Amino acid sequence: MDLTFIVTIFFIGFTGSFISGMVGIGGSITKYPMLLYIPPLIGLTALSAHEVSGISAIQVFFATIAGVWAYRKGGYLNKTLILYMGISILIGSFIGGYGSGLMSEGGINIVYGILAAIAAILMFLPKKGIDDIPLGQVSFNKWLAAGLAFVVGVGAGIVGAAGAFVLVPIMLVILKIPTRMTIATSLAITFISSIGATFGKMTTGQVLYEPAAIMIIASLLASPLGAKAGQKVNTKILQVILALLILGTSIKIWMDIL
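Because the structure is a prediction, the values reported are computed rather than measured.

A. Expanded view of the overall build of the protein chain. When helices and strands are counted, the protein chain shows 10 helices and zero strands. Ordering the α and β elements of the protein chain from the N terminus gives α-α-α-α-α-α-α-α-α-α. Its C-alpha radius of gyration of 17 Å places the protein chain within 12% of the 18 Å reference for a compact globule of 258 residues. Seen through its principal axes, the protein chain has C-alpha atoms that stretch 50 × 35 × 30 Å. Here the protein chain, with 258 residues, has 55% of them falling under the buried criterion. For the protein chain, the proportion of contacts with a sequence separation of at least 24, taken over those separated by at least 6, is 87%. For the protein chain, the exposed area adds up to about 10500 Å²; of that, 72% sits on carbon and sulfur atoms. Looking at charge distribution, the protein chain has the averaged site of its 14 positive side-chain charges lying 18 Å from that of its 7 negative ones.

B. Just a nonpolar patch on the surface, in detail. Together, Leu 83, Ile 87, Ile 91, Phe 94, Ile 95, Tyr 98, Phe 150, Val 151 and Phe 199 make up a nonpolar patch on the protein surface, roughly 880 Å² of accessible area in all. Top contributing element to the nonpolar patch by residue count: helix α4 (residues 79-99), with six residues. Within the secondary structure, Phe 94 sits in helix α4.

C. Representation of the nonpolar core within the structure. Among the nonpolar cores identified, the biggest contains 63 residues, and Leu 81, Met 85 and Leu 175 are the most heavily contacted of them. Here this core gets nine residues from one element, more than from any other, and that element is helix α5 (residues 105-123). Residue contacts for Leu 81: discarding those within four places in its chain leaves Gly 86, Phe 140, Ala 145, Met 171, Leu 175, Ile 177, Thr 185 and Ile 189.

D. Local environment of the packing of helix α7 (residues 164-174) against helix α8 (residues 179-203). Running from N to C, α7 and α8 cross one another at 140 degrees; their axes reach a closest spacing of 10 Å. Seen from above, α7 lies across α8 with right-handed handedness. Contact residues: α7 offers Ala 164, Leu 167, Val 168, Met 171 and Leu 172, while α8 offers Thr 179, Thr 182, Thr 185, Ser 186, Ile 189 and Thr 190. Tallied by class, the residues present in the contact of α7 with α8 amount to six nonpolar, five polar and no charged.

E. Representation of the side chain of Thr 8 in the model. Along the chain, Thr 8 falls in helix α1 (residues 3-23). Taking relative accessible area as the criterion, Thr 8 reaches 9% and is therefore assigned buried.

F. Layout of α5. Along its 19 residues, α5 runs 27 Å from first to last C-alpha, staying within 8% of the 27 Å computed at 1.5 Å per residue. Three or more residues of α5 are buried, namely Gly 107, Ile 108, Asn 109, Val 111, Tyr 112, Gly 113, Leu 115, Ala 116, Ala 119, Ala 120, Leu 122 and Met 123. At the N-terminal end of α5, a side-chain oxygen is found 3.0 Å from the backbone nitrogen of Gly 107, two or three residues along, and the residue is Ser 104.

G. Spotlight on the environment of Ile 118. Following the sequence through the fold, Ile 118 ends up in helix α5. Residue classification places Ile 118 among the partly exposed residues on the basis of a relative accessible area of 41%. Considered as a pair, Ile 118 and Gly 248 are 130 residues apart in the sequence and their alpha carbons are 13 Å apart.

H. Representation of the packing of aromatic side chains. Counted according to the given criterion, the structure contains two aromatic pairs. Summarising the aromatic geometry, the rings of Tyr 84 and Trp 143 are spaced 5.4 Å apart at their centres and angled 85 degrees between planes, so their arrangement reads as edge-to-face. In this pair, Tyr 84 sits in helix α4 while Trp 143 sits in helix α6 (residues 142-159), placing the two residues 59 residues apart along the sequence. Exposure remark for Trp 143: the relative accessible area of 66% places this residue in the exposed category. Across from the ring centre of Phe 140, 5.8 Å away, lies the NZ or CZ of Lys 142, which sits over that ring.

I. Main features of unusual backbone geometry. Look at Lys 176: it is not a glycine, yet its phi comes out positive at around 60 degrees. Note that Lys 176 resides in the loop between α7 and α8. We classify Lys 176 as partly exposed; its relative accessible area is 40%.

J. Summary view of helix α10 (residues 235-257). In this model, α10 (23 residues) spans 33 Å end to end at C-alpha, consistent with the 33 Å of a helix rising 1.5 Å per residue. Listing the buried residues of α10 in full gives Thr 235, Leu 238, Gln 239, Leu 242, Ala 243, Ile 246, Thr 249, Ser 250 and Ile 253.

K. Inspection of the environment of Ala 46 at higher detail. Take Ala 46: it is sitting in the loop between α2 (28-41) and α3 (49-70). Ala 46 sits 55 residues away from Gly 101 along the chain, and the two C-alpha atoms are 19 Å apart.

Reading the values: the criteria
Throughout, residues of each chain are indexed from 1 in the direction in which the sequence is written. In view of the model being predicted, local features appear only for residues whose pLDDT reaches at least 70, and side-chain atom pairs are presented and counted only at 80 or more, with totals across whole chains, interfaces and linings using the full set of residues. No hydrogens and no water enter the side-chain calculation; it runs on all heavy atoms of the structure. Here a helix means four or more residues in a row that DSSP labels H or I, a strand means two or more in a row labelled E, and each is numbered from the N terminus. It is over C-alpha atoms that the radius of gyration is taken, and the globule rule equals 2.2 Å times the number of residues to the power 0.38. For every residue, the accessible area (1.4 Å probe, protein chains only) is compared with the maximum for its type, and the residue is labelled buried under 20%, exposed over 50%, or partly exposed between those bounds. In what follows, a contact means two residues having at least one pair of non-hydrogen atoms within 4.5 Å. For the accessible areas, the method is Shrake-Rupley and the probe is 1.4 Å, while residue cover comes only from the protein chains on display. Residues counted as positive are Lys and Arg, residues counted as negative are Asp and Glu, and His and the chain ends are not counted. The atom standing in for a charge is NZ when the residue is Lys, CZ when it is Arg, CG when it is Asp and CD when it is Glu. A residue counts toward a patch only above 30% relative accessible area and without a salt bridge, and it is joined to like-charged neighbours within 9 Å or, for Val, Leu, Ile, Met, Phe, Trp and Tyr, to nonpolar neighbours within 5 Å. A pairing counts as a salt bridge when a side-chain nitrogen of Lys or Arg comes within 4 Å of a carboxyl oxygen of Asp or Glu. What we call a nonpolar core is a set of buried Ala, Val, Leu, Ile, Met, Phe, Trp, Tyr and Cys residues that are connected through their side-chain atoms within 4.5 Å. The convention used is that axes are lines fitted to C-alpha atoms, helices contributing only their stretch in contact, and that angles between N-to-C directions extend from 0 to 180 degrees. Definitions for this section: a left-handed crossing has its near helix turned counterclockwise from the far helix by less than a right angle. A right-handed crossing has that turn clockwise. When residue character is reported, Ala, Val, Leu, Ile, Met, Phe, Trp, Tyr, Cys and Pro are called nonpolar, Asp, Glu, Lys and Arg charged, and the others, Gly included, polar. To estimate how far a helix should reach, multiply one less than its number of residues by 1.5 Å. Throughout this description, a polar contact denotes any pair of N or O atoms lying within 3.5 Å of each other; where both atoms belong to protein, one of them has to be capable of donating a hydrogen while the other can accept it, and for residues adjacent in sequence the pair is counted only when both atoms sit in side chains. Aromatic pairing here means that ring centres of Phe, Tyr or Trp (its six-membered ring) are within 6.5 Å. Orientation follows from the plane angle: under 30 degrees is stacked, over 60 is edge-to-face, and everything else is tilted. For a lysine, the NZ atom is tested; for an arginine, the CZ atom; a charge sits over a ring if that atom is within 6 Å of the ring centre and within 35 degrees of the ring normal.

Function cannot be inferred from these measures alone, as they are strictly geometric.
The following block contains the structure:
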C-alpha cells in the first residue's frame, strides 16, 4: 500500500462513517460504491466486489460500536426492537455472509442494487406523524420486525453491509418508529448484524486486513462526530439526506449492472 492508497481509503472511511453516524446506518450504502469506484478513478488498483464487501463488513462492525456509544444516553435505544430485529438479522447476515463466497461478483452487485432500490422506494413514501409519538409510547409488530430483519440480514450479509440502509426505511415507513429512535436503534441492530456478516466474510477469506484496519481507524474517529451532529439536525433533513444517498447509490449500481 502506498501513501495515496492509504489516504484514499482513510478519506472513504471517514466520510462514510460520519454520514453513517449522523443518519443511523453502518455506512456501506456510501462506502461500498466509494471503495468500488474511487480507487480506479484516481489511478489506483481496483478492488473486487468480494474485497469491497469484506472490507465493508469488518469496518461496519467498528463504526456502529462508536455510533451506539454516542447515542447511549437520551432514551433513543429501543431494547425490545433491538432484541427482536437483532437476533433475526444476526442469523440472516451470517447465512448471507457465508453464502456470498459461492456467488459471482456480478451476483453480489445485483443483490446490492436490489437492496438499494427497495430502500430508495421506501424512503420516498410518506412518513407523516411518526415524530409526534412519545418515545415511551412506541409500539410495533414484533414478529413482522423479526421477519423483515431476517430477510434484510441475508441480503446485507451477501454484500458485506449490515443492512441499516434498508432497516432505517423499514423502521420509519412500515414499523412507524420515530426518526431519532430509528437512527439510534438501527445502529445497535446493525452492530449485531455486522457480527454475522464479518464472521462469514472472514471464514471465507474475503477480508483484506490492511485496508480494513485503515477504515476501522477512520470509523472510530468519524462515527461519533456524525452521531453528535445527527442529534442536532432537524429530523426531516436527516430523512432527506438518507433518501438522496440511497437513491444516488441505487442509480449508480443499476447503471453499471445494466
